[in-house]
Structures are given as structure tokens and as C-alpha cells.
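What follows is the residue order along each chain.
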Amino acid sequence: MSNSSRYIDIHCPYKPLVVGRVPAMTADEAGSAVLSAERAQKLWAAVPLHERAGLLYAWADELQRMADEIAEFIMLEVGKSRAAALAEIERSADLVRHTAEEGRRLGGELIRGDAYPGSKPGKTALIDKVPLGVVLAISPFNYPVNLSVSKVAPALITGNTVVLKPPTQGSISALLAARALHRAGCPPGVLNVVTGRGADIGDVLTSHTSVRCISFTGGTATGRAICRKANMIPVILELGGKDPAIVLEDADLQLAAREIVSGAFSYSGQRCTAIKRVLVAEPVAEPLIELLRCGIERLRVGSPEEQADITPLIDTQAADKVSNLIREALDEGARLIIGNRRDGNLIYPTLLDGVTERMRVAWEEPFGPVLPVIRVRDEEEAIRWANASEFGLQASIFTRDVQSALAIAKRLEVGSVQLNRRTERGPDHFPFLGIKSSGLGVQGIRRSIETMVRDKVTVLQE
Ligand code: NAP
Ligand code: G3P
């Protein structure tokens, strides 16, 4: 609730419908949410770890009980198919359970002083892992539940309390996930959800002196702005990407095409880890492009309610951006293989050949269903193209030669390299990170837990 009596209507991205409305909280209310989290934190940290884990298990169960209801709102708010929305809930419940298990294993450390020359005999350091305090979690529209839960769960298991600022488009889904946590028995003040435009309340939250850690997923520009505002605290950023699929001459082209189509076009390309360019060895470019074309032709385009693969983008601005990238590339000489049709915010899956370095589509993240193909002479040229990007999230390499794949992987400036598979974040207990403009810090269940605690050292002298 907000005292301002101002609300934001949430419009469905694929049909004329107001899905619901959420309070547009004021800056003062956002500040109060942080203080509420701060007040609750010490009590929460004092709750025995197995009880905190118990709450997470109960949350996972509740998420599954509410799966149909939450999935319906994910579909309506962000235009994801019902099946994909249900998969998001299932994945979130798994993540919460695994976080509870992993969190229970987080022990401290004991270091003996006599291992170091000159140390007084009998000195011992006990290193405990203690919570940071209030964690500010900010999530994006494309996984409004999963990318909220993946920040909230590690914070709670480690004894932190949370202020969650969900994406405006996706707020209702995130609020339902929060309701599931409260139904599971979460004490007051432990999770505080703040709704409202990031542009209006973001600064108050990110610069608040009681916030002790920020975990953010979203666009690179927003991530940079948050870094500038933050108060000398750990900031974890999952940002944009321009993940290349490198296809070498000896690749299994059928496999590569299947993985690339799925990697580039699932949820209409609105994934940070989507394959966003193909770097293909010239001798196999023609057959690969034909296989990609056939794969794209089979994608169903339409409404998420009909289980379409390609659905309208989140808003008109997003669709305009993709259209402009396509139009400019075609004006500059790219060859259209398939696509370039638009119906409102629905962009048909588009494949472009002959993309050159002068074209914006070669470098920018479209966050939509367009895939540029860049033909390269050899591995060296592929690596040069891959590393010339400002982004460094993931890359895929398709080849039958594992040795050469490993050698290339070593030289790619990205967080993760996938061999003969599409780029993707999961499984969620793997470390997940981006470098350069793609992020800061590491996530993945274990790493997220480690980020949300600090060492507390007590030195004993016998
Ligand atoms: P976004 O515009 O950066 O928004 C992300 C979140 O930040 C939203 O909750 C937004 O709130 C909030 N926000 C906006 N301005 C803020 C500010 N000044 N201070 C604090 N918070 C602020 O990103 P998006 O459009 O939701 O998502 C698309 C982008 O996210 C793409 O670039 C994509 O690659 C990236 N992404 C990356 C990953 C990854 O794992 N690397 C995952 C998903 C998405 P409002 O909704 O109210 O504006
Ligand atoms: O864009 C969200 C990012 O975390 C990717 O997740 O599972 O689609 O690879 P995923």
C-alpha cells in the first residue's frame, strides 16, 4: 500500500487489457521499507539456521501450490507462454530448496597463527560468516519471479533481510511470489516489496545508507547508474550481453542450428543470455544459414496464450529498437534470410546474413528476435569478433574438436563458454557471471550465498 494514492496500471503487452495496478510508492515510503528491513534484521539473523531453511522449504512448496495463479500473471504481465511461466515457477521452487540446502552447509573457518612466521604461539582466528544486513534486490521484467527469488533466497538463508524492488512490468507476479513467502510464515519486516518506477524511487533505495548490499539484474546503463549511487557496499550486477555462437568448419551443423535457434529466439530473444550473433566459418555458412532458416520457419508466432514461441515484445519502445536495428542493417547491405515483419509489438523472427562491423546490429543488444550472421575466415577472426564486443556474458562454440574448443574457450573474454550447446544461465547452482559491460560479481546459488555474508574474525590466544 502507498499513502500517495497513486497507482501504476500494468498493461498486458499482447492484448488490450489492464492486468492490474500496483502502488506507486513514494521516495519516503521506499526509505521506510529499508528501515523496516533494518529493524527486522537482527531478530531474523538470530533465528536458528535450520528454521530459516525451513521457511525456504515452505516457500518453495507454497510457490508450487500457487503456480497456476502466478504463471497466469507472468503470462499476462510479460507475455511469456504459460508453459514457460510455469517452468519459471518450478525452477524458482527448485532454486529456493537448493539454496536452503546449500545455506545449511555454509560453515566458518579456523586459521592457526603458527602457520605464519613470527606469529605468537597459540594464536587462532575463528572466522564466522555473518550477514551483511539489508540486501536490496532489483529484478528485471524477463524473469520477474525467478530473478527476484534468486536474490531473496540467498539473502534470507544467510540472515539478511530484503527490500525487493521488482520490475514494474512484472510487479504483480513478484508480489504473488512474496505472498507465497508470507503464507509460508515469513516474519514481518524480513521481506519488504517496494513497487513504483525505478526512475522515481531507484536512487533513494540504491543510495540509502542502511542498504548493505545490492543485487541487481537488468540493463547495463541502469547497472552503471546504480554503481555510482551505491555507498561503498558490495554490488552484484547481472547485465546485458551479446553472446556469440561460434560455428567452426567441423561442427555438427544440425546440432548447432537447433541450439542456436532455441538460444536466440526463446522468449523472443528477451534473455540476457540469448545467442545474439553467429560467427560462422565461411565454408559452412551457406548450409548453416539454410538450417537456421528452416528452424526459424518452424517457430510459432503469435500469442503466449496459444503457446507461441515468438510473442509480442514487452513494449513499443523495445519493438521499435529491434525494428530500427533490422532496418538500418538492411539499408547498409545486410541480406534478409527470413523475417522483418512487424505487427504491433510482435516482431517476426529475423535472420540477417552478411552483417558487417559497420552495422549496429553487430554490436548492440536487441533484446528481441533478430539474429545477425557474421561470416569469418577462421578461428582467429571469430575470436577477434567475439572479444571486440563491449559485453562479456557467455559464448557458445560448435565444433567436434574438443581440444580446439578448449583452446578457443580460454581466449574468449566472457563469464562462461558453452561447448556445443546454447548459452544459458542454468543449472542454477553453476556460477553465473558477466565481465566487461555484462556485470560485476558472481551469482549461482553457492556464489550468491557467499556474496551475502562477510567474515567476522575473532582471535583467540591460548
Ligand atoms: P532495466 O530497465 O535496467 O530494469 C531492471 C530493473 O531496474 C527494474 O526493476 C527497473 O524498474 C529497475 N530500475 C530502473 N531504473 C532504476 C534506477 N535508476 N535505480 C534502480 N533501479 C532501477 O532492465 P529491463 O528492461 O527490465 O531488462 C532488460 C535488460 O536487462 C537487458 O539489457 C538484459 O540483457 C538485462 N538482463 C540481464 C540479465 C543477466 O542475467 N545478465 C538478466 C535479465 C536481464 P522499473 O521496471 O520500474 O523501471
Ligand atoms: O535474462 C535472464 C538471464 O539470467 C538468463 O537466464 O535461464 O534464460 O539463461 P536464462
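Every value quoted in this text rests on a predicted model; they were computed, and no experiment measured them. (Residues numbered from 1 in each chain as written. Chains lettered and ligands numbered in written order. Predicted model: local features only at pLDDT ≥ 70, side-chain atom pairs only at ≥ 80, totals over all residues. Heavy atoms only, no water.)

All right, on to the nonpolar core then. Judged by nonpolar contacts, the single largest core of 92 residues is most densely connected at W59, L63 and L412. Of the residues forming this core, the biggest block, 7 residues, is contributed by helix α3 (residues 67-78). Three or more residues apiece are contributed to this core by two domains, here domain 1 (7-239 + 438-461) and domain 2 (243-430). Apart from residues lying up to four places away in sequence, L63 is in contact with I70, I89, S92, A93, V96, V149, A177 and A180. (Core = buried A, V, L, I, M, F, W, Y, C linked by side-chain atoms within 4.5 Å. Buried < 20%, exposed > 50% of the residue type's maximum accessible area, 1.4 Å probe, protein only. Helix = DSSP H or I, 4+ residues; strand = E, 2+ residues; numbered from the N terminus. Domains from an automatic or database assignment. Contact = heavy atoms within 4.5 Å.)

One pass over the full model with this rule turns up 2 aromatic pairs. Measuring from centroid to centroid gives 5.9 Å for F141 and F367, while their planes differ by 85°, and the two rings are edge-to-face. Of this pair, F141 sits in the loop between β5 (134-138) and α5 (146-157) while F367 sits in the loop between β15 (350-353) and β16 (370-376); the two residues are 226 residues apart in sequence, bridging distant segments of the chain. Residue F141 is classed as buried on the basis of its relative accessible area, which comes to 17%. Taking 5.1 Å as the distance between ring centres and 15° as the angle between the ring planes, the aromatic pair formed by W363 and W385 counts as stacked. (Phe/Tyr/Trp six-rings, centres within 6.5 Å; stacked < 30°, edge-to-face > 60°.)

Here helix α1 (residues 27-46) is 20 residues long and its end C-alpha atoms lie 30 Å apart, about the 28 Å a rise of 1.5 Å per residue gives. Along its length, α1 reaches its greatest deviation from straightness, about 40°, at A40. (Expected span 1.5 Å × (residues − 1). Bend = angle between axes of the 7 residues up to and from the residue.)

Our next topic: the site of ligand 2. Taken together, R91, N142, Y143, L147, E238, R271, C272, T273, E424, R425 and F432 make up all the residues around ligand 2. Contact distances for ligand 2 include 2.8 Å between an oxygen atom and a side-chain N or O atom of N142. In this structure, an oxygen atom belonging to ligand 2 sits 2.6 Å away from a side-chain N or O atom of T273. Compared with its free state, where it exposes 310 Å², ligand 2 has 97% of that area covered by protein. When its residues are assigned to classes, the shell around ligand 2 shows 4 nonpolar, 2 polar and 5 charged. When residues of the shell around ligand 2 are assigned to domains, at least three map to each of domain 1 (7-239 + 438-461) and domain 2 (243-430). (Near = heavy atom within 4 Å. Polar contact = N/O pair within 3.5 Å; in protein donor to acceptor, adjacent residues only side chain to side chain. Areas by Shrake-Rupley, 256 points an atom, 1.4 Å probe, with all protein chains shown as cover. Nonpolar A, V, L, I, M, F, W, Y, C, P; charged D, E, K, R; others polar.)

Looking now at the domain arrangement of the protein chain. As assigned here, the protein chain comprises domain 1 (7-239 + 438-461) and domain 2 (243-430). Each of domain 1 and domain 2 was reduced to a C-alpha centroid, and the two centroids are 31 Å apart. Residue-level contacts link 29 residues of domain 1 with 24 residues of domain 2. Taken together, the two surfaces of domain 1 and domain 2 that pack against each other cover about 2100 Å², and 53% of this comes from carbon and sulfur. Three residues stand out in domain 1 for area buried against domain 2, namely Y14, F141 and S438, and they jointly supply 25% of the buried area on that side. (Buried area = accessible area lost by both parts, 1.4 Å probe.)

In this section: the site of ligand 1. T168, T222, E238, L239 and E365 are the nearest of the 28 residues found near ligand 1. G198 places a polar main-chain atom, nitrogen or oxygen, 2.8 Å from an oxygen atom of ligand 1. T222 places a polar side-chain atom, nitrogen or oxygen, 2.7 Å from an oxygen atom of ligand 1. In isolation ligand 1 exposes 900 Å². Once the protein is present, 84% of that is buried.

This paragraph deals with the packing of α3 against helix α6 (residues 171-183). Two elements in contact, α3 and α6, have axes whose closest approach is 8 Å; the angle formed by their N-to-C orientations is 160°. With respect to α6, the element α3 is oriented roughly antiparallel. Here α3 runs over α6; the crossing is left-handed. For the pair α3 and α6, the contacting residues are E69, I70, F73, I74 and E77 in the first and S171, I172, S173, L176, A177 and R179 in the second. Within the contact of α3 with α6, the residues separate by chemical class into 6 nonpolar, 2 polar and 3 charged. (Axes fitted to C-alpha atoms, helices over the stretch in contact; angles between N-to-C directions. Parallel < 35°, antiparallel > 145°, perpendicular 65-115°, else oblique. Left-handed = near helix turned anticlockwise from the far one by under 90°.)

The terminal C-alpha atoms of helix α4 (residues 82-104) lie 33 Å apart, and with 23 residues this matches the ideal 33 Å at 1.5 Å per residue to within 8%. Burial in α4 covers these residues: A85, E88, I89, S92, A93, L95, V96, T99, A100, E102 and G103. On its buried face, α4 is in contact with α2 (49-65), α3, α5 and α14 (445-451).

What follows covers the pattern of salt bridges. Enumeration over the complete set of coordinates arrives at 32 salt bridges. Between D455 and K129 there is a salt bridge whose closest N-O contact spans 2.6 Å. Residue D455 is found in strand β22 (residues 453-461), and its partner K129 is found in strand β4 (residues 123-131); the two are separated by 326 residues along the sequence. When its relative accessible area of 29% is taken as the criterion, K129 is described as partly exposed. Measuring nitrogen to oxygen at the nearest pair gives 2.9 Å for the salt bridge that ties R293 to E297. Linking R293 with E297, this pair stays in helix α10 (residues 282-297), spanning 4 residues, or about one helical turn. R293 sits in the partly exposed class, given a relative accessible area of 22%. Taken together, the shared-partner salt bridges in this structure form one network comprising E282, E286, R335, D353 and R375. (Salt bridge = Lys/Arg side-chain N within 4 Å of Asp/Glu carboxyl O.)

Two modes of strand pairing occur in sheets, parallel and antiparallel, and in both the strands are linked by backbone hydrogen bonds. One open sheet holds the 6 strands; their spatial order is β7-β6-β5-β8-β9-β21, and the pairing between them is mixed. Looking at the sheet topology across the chains shown, the edges are occupied by β7 (191-193) and β21 (439-440). Where β5 meets strand β8 (residues 211-217), 5 bridges bridge the pair, whose relative direction is parallel. Paired with L136 across the two strands is I214, which belongs to β8. Contacts from α1 reach β5, β6 (161-165), β7 and β8, with the element oriented near 150° to β6. (Pairing = 2+ DSSP bridges.)

On to the packing of α4 against α5, then. Two elements in contact, α4 and α5, have axes whose closest approach is 9 Å; the angle formed by their N-to-C orientations is 15°. When the axes of α4 and α5 are compared, the pair comes out roughly parallel. In this structure, the crossing between α4 and α5 has a hand that is right-handed. On α5, the residues touching E88, R91, S92, L95, V96, T99, A100 and G103 of α4 are N146, V149, S150, A153, P154 and I157. Taken together, the residues of the contact of α4 with α5 break down into 7 nonpolar, 5 polar and 2 charged.

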